[in-house]
Amino acid sequence: LANDYMQDDVDAGLLNILIEMPGYSEGGCPFALDFFRGTRIPADPPVCPAGTACDYSISADEFDPECAAVSRIGNAVLVGDHLHAGPSPDVYYLLLVVVGLDIVLPMHEVVFDGTIVPGTDGPDTVDGIIAGYITETEFFGVFEAIPEAEYPVPGKDEVIDMLHELFTRGIIVNDADLDGDTILESGTIGLAVSGVPAHVTSVE
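As the structure is a computational prediction, the values presented were derived from the model and not from experiment.

The rules behind each value
- Residues numbered from 1 in each chain as written.
- Predicted model: local features only at pLDDT ≥ 70, side-chain atom pairs only at ≥ 80, totals over all residues.
- Heavy atoms only, no water.
- Helix = DSSP H or I, 4+ residues; strand = E, 2+ residues; numbered from the N terminus.
- Expected span 1.5 Å × (residues − 1).
- Buried < 20%, exposed > 50% of the residue type's maximum accessible area, 1.4 Å probe, protein only.
- Arc of directions from axis to C-beta.
- Contact = heavy atoms within 4.5 Å.
- Polar contact = N/O pair within 3.5 Å; in protein donor to acceptor, adjacent residues only side chain to side chain.

Visitor: Would you explain helix α3 (residues 156-168) in this entry?
Guide: An α-helix turns once every 3.6 residues. As a result, residues three or four positions apart point the same way. Along its 13 residues, α3 runs 18 Å from first to last C-alpha, staying within 8% of the 18 Å computed at 1.5 Å per residue. All of the buried residues in α3 are Lys156, Val159, Ile160, Leu163, Leu166 and Phe167. All buried residues of α3 fall inside an arc of 110° around its axis, so they share one side. The exposed set on the far side of α3, more than 90 degrees from its buried face, consists of Asp157, Asp161 and Thr168. Lining the buried residues of α3 we find α2 (136-145). At the exit of α3 stands Gly170, carrying a positive phi of roughly 80°.

As structure tokens, then:
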């Protein structure tokens, strides 16, 4: 549902996810992975040229009242070039574009697993996968909360009915029981990521 929309937004420079690594250590000490949605500065060209560490601003809404990142995966450890983080009690908020709608889905028990190419001032590249669980109730709650006027043709009810049909037909599958009641109410989801250095120059 999301792959083509997300790739289109990445290619257009509309979707820029920044990863900060407070406490980053190459000596095996744990640190965190903080995630922010960034806006390219300057906006033209919108896409950062390959091989360039471009500048971005982030919104103050990306922080909680204690100024910590709203979206975080904790307990990250780097061993050699292998980076593993989580599973984390923190919620990771996954930004997706589905049927043309920008949605934010909470992911639970999130992990990151991948590799880092170290540089002289932190990582030069980061590649891996973010994986976790999304509950069916929260999944539909996000779509229900979006106003009718924001939905593309054929409309809100039809899109939500289509999503229910995907669950009914087993195209989207709940394969996890997070609350321990023996009912599978959550589905696994994964997002492949590939990152290069970037600079945050302002918080708006």
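Visitor: Looking at this model, I keep getting lost on the side chain of Asn16. Mind explaining?
Guide: Mapped onto the secondary structure, Asn16 falls in the loop between α1 (3-11) and β1 (17-20). According to the relative accessible area criterion, Asn16 is buried, its value standing at 12%. Only 3.2 Å separates the side chain of Asn16 from the backbone oxygen of Gly13, close enough to count as a polar contact. The residues touching Asn16, leaving out its near neighbours within four places in the chain, are Phe36, Arg37, Gly38, Arg40 and Tyr56.

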